[in-house]
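Structure assessment
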Amino acid sequence: MTEYSDDLQPKSDTTSPQSQIVTVNNAPCDHPATLWLIDDDAALRMVLADTFEDAGLTVISFTQAQAAWTRLNDALKQQESIEQLPDVILTDIRMPMMDGLSFSDWVHQHFPKMPIVIMTAHSDLTSAINSYQTGAFEYLPKPFDLDDAVATIYKAINYQPSLETATVNLSDEPNTNITSDTSTENPIKPKAVSASKTTKDNKNKEAVETKGNGNPSGIIGQSPAMQTVFRAIGRLAQSPISVLITGESGTGKELVASALHQHSPRKQQPFIALNMAAIPHDLIESELFGHEKGAFTGATTMRQGRFEQADGGTLFLDEIGDMPFSTQTRLLRVLANGEFYRVGGQQPIKVDVRIIAATHQNLEELVKQSRFREDLFYRLNVIRLPLPPLRTRPEDIPALALYFMQSAAEQMSTTPKHLHPAALQIMQTFDWRGNVRQLENVCLWLTVMATGDTVMATDLPPELLENISPNAVLHDEHSSSELEEGSQEHLVQNGEVSNSNALNNNQNNQMFKNQSWQQALADWAEQSLNTGETDILQTATPEFERVLLTAALNHSGGKKIEAASLLGWGRNTLTRKLQQLDISAPRVTTKD
C-alpha cells in the first residue's frame, strides 16, 4: 500500500503477500489492477486497503480527493504517465477541501471510462441520486460488508472497457480536455473545487438538510430495503424510461414518483399526479385526454387533459390497476407512439410524457383474470420498483416518527413532543397495516391528544395497545424510568454483563426478562446522553458487535465459517472483526 499524505509525498508501507492477482477484464497479465482509495478516516482507510490488497489489487490510498485530483490532472497535462492511472476509484463523499461528488463529476468529464464507486455514511436519497448523477459506477452506503465492497470493485474492474481508449488521445493531442480559459500553469479544477467556496457550499447545504431533516424529498430510511430503493431512484432518475412502482397503500409511492421527476432532466416541466381509483369511470378518458367543445352533454368548452398538461414532464398514474379496460386501450396507443385524440376530437395530439405508474394490486393476477391488458402490462412493467412495507423495516421508525412529530408540531404551532423509549418500542413492534401514512397520522394524533412534552406508552392510540396488557405497558415505563434515574448505571462493562447485576439481583433479572434488548439499548443511549456523553455510537458499536460475535462463535463451537454465516458476514469480515475487537475464537469442539 502506498499512502499519500496531504502534501502529496508518498510513503511506502510493507505490503502483504497476495494470494491472487486481479486484472482488468480478467486479462492475462502480471500487473494487478490498481485501486485508488480516498477517505479521510485513517482507520477505515487502513482496513479497506488491507482488504483490497488481500483480494489481489494494488491499492494506493489518499487522505483527500484533492491529492488524487492533482495526480489525474498531471496525467491530463502529460506530466505523469497514463500508465499510472487507476483502474477503479473508491472515494468517500464528505472530505475537506474537495468533496467526493465534485471529484467524481470532474473525473467523469475527463476520464469517462474510469469507474468510480462512492461510499458515504450519509446514506440518504440525496446522496444516492447525486452519486449516480456525477457518473458513479456504484454507491455504497456505510456500514457495508467488506465482501460486498470487494465484489463491487471486481464488478467495476471487469465491467468497464480498458482505460487505454479513454486516455490514448491525451498523448496524441496534448491538453485536449483542458478548457480554453485555463493555462497550463494553472491546474484544471472541477467547478466546485475552490476550498473556500466548497466549504461554504457544503455548510449551506448541510444547514438546509438539517432544517429539512436531511431529506428534502420526504423519503426517510437507513434500512437495507430503503437503500435498495435509493439506488434504484438514483439510477432511474436520469432515464426517460417508464417505471412501475408497486407496494402496499401508504408506502410512499407518490413520493418516490415525485423524487424520480424532481431529479430528472424534466424537473423544470410539470409533474401531474392522477389517482385512477378517485375518478368516476365515465370521466377518466376526459380527465386523461381532454375533450372538445360539445363532445358530450355539459362540455361547454374545450378542455386539455392530463397528458397535454404534462407535456414535456411526468404523468404519475396512481392505482393503475383500477383503470377501466376501455381506457387501457387508449393509454396503450399513447405509450406506443405518443399520440392521442381528445374526446370528440378529430386531430391527433402529439406529446412527450414520461409515464410513472403505481399500484398496490397484483397486476399479473389481474391479467390472468382479464381485468388488465397484458400488452399494457408489459408496456408499463419496463422497470418495476417495489417499495417495502413499514413493518419490514422497524429500524426506520424512530427517524420517521421524529420527522412526523416535528412536522405535526409545526402544523399545530406547538413544541415538538418526544417519544418515551417504551412508546417507541411499541411502535416498532406494531404491524402498521397503513404503513408510513398510518404512522404519520398517529404522530399527528399524539401531538394533539397526548399531554406533556413526553409521549408515554399509555398515551398511544388504542389500536397500538390492543395486543399489549396494561401491566406490561406500565412495567416498561417504570423500568425505563428507573434506568434514567441511574438505578442501573452499568448494564455492560467491557463487553460482559456484570455478575452482580445479572445474577444476584432478582429484581433486575425480572426487569430484563420482560424488557427487549432494543429497549435496554434505548435506555442506555438516553441515559448516556443525559449524563453529557458524546460519540455514543463509537462506544456502543464495538460492544454490540463483540456480544453478537461471541454468541455466534459459542453457538458454532468456534467454527468461523459457520459463525460468519450466522451473522450474515463473509469469513474475511469475521476474521478482521476478531482482530479489531481483540477476540480469541474458542477452540473447535470435536467428538471423540
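**Details of the overall build of the chain**
Within the chain, the regular secondary structure consists of 24 helices and 20 strands. Counting over 592 residues, the chain shows a buried share of 46%. Long-range pairs, those at least 24 residues apart, make up 71% of the contacts in the chain between residues at least 6 apart in sequence.

**Description of the nonpolar core**
In this structure, Leu288, Phe307, Leu317, Ile320 and Phe372 are the most contacted members of the largest nonpolar core, which totals 31 residues. Put simply, the parts of the chain that give this core at least two residues each are β9 (271–275), α10 (284–289), β12 (314–318), α12 (325–337), β15 (354–359), α13 (363–368) and α14 (374–380). At 4 residues, the largest contribution of residues to this core is made by α12. If we skip the residues at most four places from it in the chain, Leu317 touches Leu274, Met276, Leu288, Met323, Leu331, Ile355, Ile356, Ala357 and Ala358. Formed by 25 residues, the second largest nonpolar core is a distinct cluster that contains Trp36, Leu85, Met98 and Phe103.

**Overview of the side chain of His420**
Here His420 lies in the loop between β17 (418–419) and α16 (421–429). The exposure class of His420 is buried, given its relative accessible area of 4%. Polar contacts involving the side chain of His420 include one to the main-chain amide nitrogen of Ala422, which spans 3.0 Å.

**Description of the packing of aromatic side chains**
Counted by the stated rule, this structure contains 10 aromatic pairs. An angle of 55° between the planes, with centres 4.9 Å apart, marks the rings of Trp36 and Phe62 as tilted. Of the two residues, Trp36 sits in strand β3 (residues 34–38) while Phe62 sits in strand β4 (residues 58–62), which places them 26 residues apart along the sequence. For the pair formed by Trp36 and Phe62, the shared burial category is buried.

**Notes on the sheet that holds β9**
With parallel pairing, the 5 strands of this open sheet are ordered in space as β9-β12-β15-β8-β16. Of all strands in the sheet, those bounded by a partner on one side alone are β9 and β16 (383–386). Recorded for the sheet is a direction-independent mean angle of 20° between the axes of neighbouring strands. Two strands pair when backbone bridges link them, and β12 and β15 are joined in this way by 4 bridges, in the parallel orientation. The residue of β15 that forms the bridge with Leu315 is Ile355. Sheet strands in contact with helix α8 (residues 224–236) are β8 (243–246), β15 and β16, and its direction is about 150° off that of β16.

**Observations regarding the pairing of β4**
Along β4, 4 of the 5 residues are buried, which leaves the element largely enclosed by surrounding structure. Of the pairings in the sheet, the one linking β3 to β4 comprises 5 bridges and is parallel in character. What sits directly across from Trp36, in β4, is Ile60. Chirality of the crossover, the property in question, places the unit of β3, helix α1 (residues 42–54) and β4 among those that are right-handed.

**Quick look at a nonpolar patch on the surface**
On the surface, a nonpolar cluster with roughly 380 Å² of combined accessible area is contributed by Met412, Trp445, Val448 and Met449. Among the elements that make up the nonpolar patch, the one with the highest residue count is helix α17 (residues 435–449) (3 residues). Summarising the element assignment, Met412 is placed in helix α15 (residues 397–412). Its relative accessible area of 38% is what places Met412 among the partly exposed residues.

**A closer look at the packing of helix α22 (residues 536–555) against helix α24 (residues 571–581)**
Closest axis-to-axis distance for the α22/α24 pair is 11 Å, and the angle between their directions is 120°. As summarised for this structure, α22 and α24 are arranged oblique, according to the angle between their axes. In this structure, α22 crosses over α24, and the sense of that crossing is left-handed. Judged by residue contacts, Pro542, Glu545, Arg546, Leu549 and Leu553 of α22 engage Leu574, Lys577, Leu578 and Leu581 from α24. Each residue belonging to the contact of α22 with α24 can be placed in one class, and the counts come to 6 nonpolar, no polar and 3 charged.

**Some thoughts on the pairing of strand β6 (residues 116–120)**
With 5 of 5 residues buried, β6 lies mostly within the body of the structure. In β6, alternate side chains face the same way, and those of Ile116, Ile118 and Thr120 on one face and Val117 and Met119 on the other are all buried. Relative to β6, strand β5 (residues 88–92) runs parallel, the two sharing 4 bridges. Bridged to Leu90 within β6 is Val117. At this point the chain moves from β5, through helix α3 (residues 100–110), to the parallel β6, and the crossover so formed is right-handed. Inspection of the sheet shows β6 paired to strand β7 (residues 138–141) by 4 bridges, in the parallel sense. Bridge pairing in β7 places Val117 opposite Glu138. For the segment spanning β6, helix α4 (residues 125–133) and β7, crossover handedness is right-handed.

**Focus: the packing of α22 against helix α23 (residues 560–567)**
The interhelical angle for the contact between α22 and α23, taken along N-to-C directions, is 130°, at an axis separation of 8 Å. Relative to α23, the element α22 is oriented oblique. Crossing of α22 against α23: the hand is right-handed. For the pair α22 and α23, the contacting residues are Leu548, Leu549, Ala552, Leu553 and His555 in the first and Ala563, Leu566 and Leu567 in the second. Of the residues that constitute the contact of α22 with α23, the class distribution is 7 nonpolar, 1 polar and no charged.

**Focus on the pattern of salt bridges**
By the definition in use, this model includes 19 salt bridges. A salt bridge links Glu292 to Arg342, with the shortest nitrogen-to-oxygen separation between them at 3.0 Å. One end of the pair, Glu292, is in the loop between β10 (290–291) and β11 (303–304); the other, Arg342, is in the loop between β13 (339–340) and β14 (349–350), and 50 residues separate them in sequence. Among the residues examined, Glu292 registers a relative accessible area of 24% and is labelled partly exposed. Given the relative accessible area of 14%, Arg342 is considered buried.

Conventions we followed
- Residues numbered from 1 in each chain as written.
- Predicted model: local features only at pLDDT ≥ 70, side-chain atom pairs only at ≥ 80, totals over all residues.
- Heavy atoms only, no water.
- Helix = DSSP H or I, 4+ residues; strand = E, 2+ residues; numbered from the N terminus.
- Buried < 20%, exposed > 50% of the residue type's maximum accessible area, 1.4 Å probe, protein only.
- Contact = heavy atoms within 4.5 Å.
- Core = buried A, V, L, I, M, F, W, Y, C linked by side-chain atoms within 4.5 Å.
- Polar contact = N/O pair within 3.5 Å; in protein donor to acceptor, adjacent residues only side chain to side chain.
- Phe/Tyr/Trp six-rings, centres within 6.5 Å; stacked < 30°, edge-to-face > 60°.
- Pairing = 2+ DSSP bridges.
- Axes fitted to C-alpha atoms, helices over the stretch in contact; angles between N-to-C directions.
- Right-handed = clockwise from strand over helix to strand, strands pointing away.
- Patch = residues over 30% accessible without salt bridge, like charges linked within 9 Å, V, L, I, M, F, W, Y side chains within 5 Å.
- Areas by Shrake-Rupley, 256 points an atom, 1.4 Å probe, with all protein chains shown as cover.
- Salt bridge = Lys/Arg side-chain N within 4 Å of Asp/Glu carboxyl O.
- Parallel < 35°, antiparallel > 145°, perpendicular 65-115°, else oblique.
- Left-handed = near helix turned anticlockwise from the far one by under 90°.
- Nonpolar A, V, L, I, M, F, W, Y, C, P; charged D, E, K, R; others polar.

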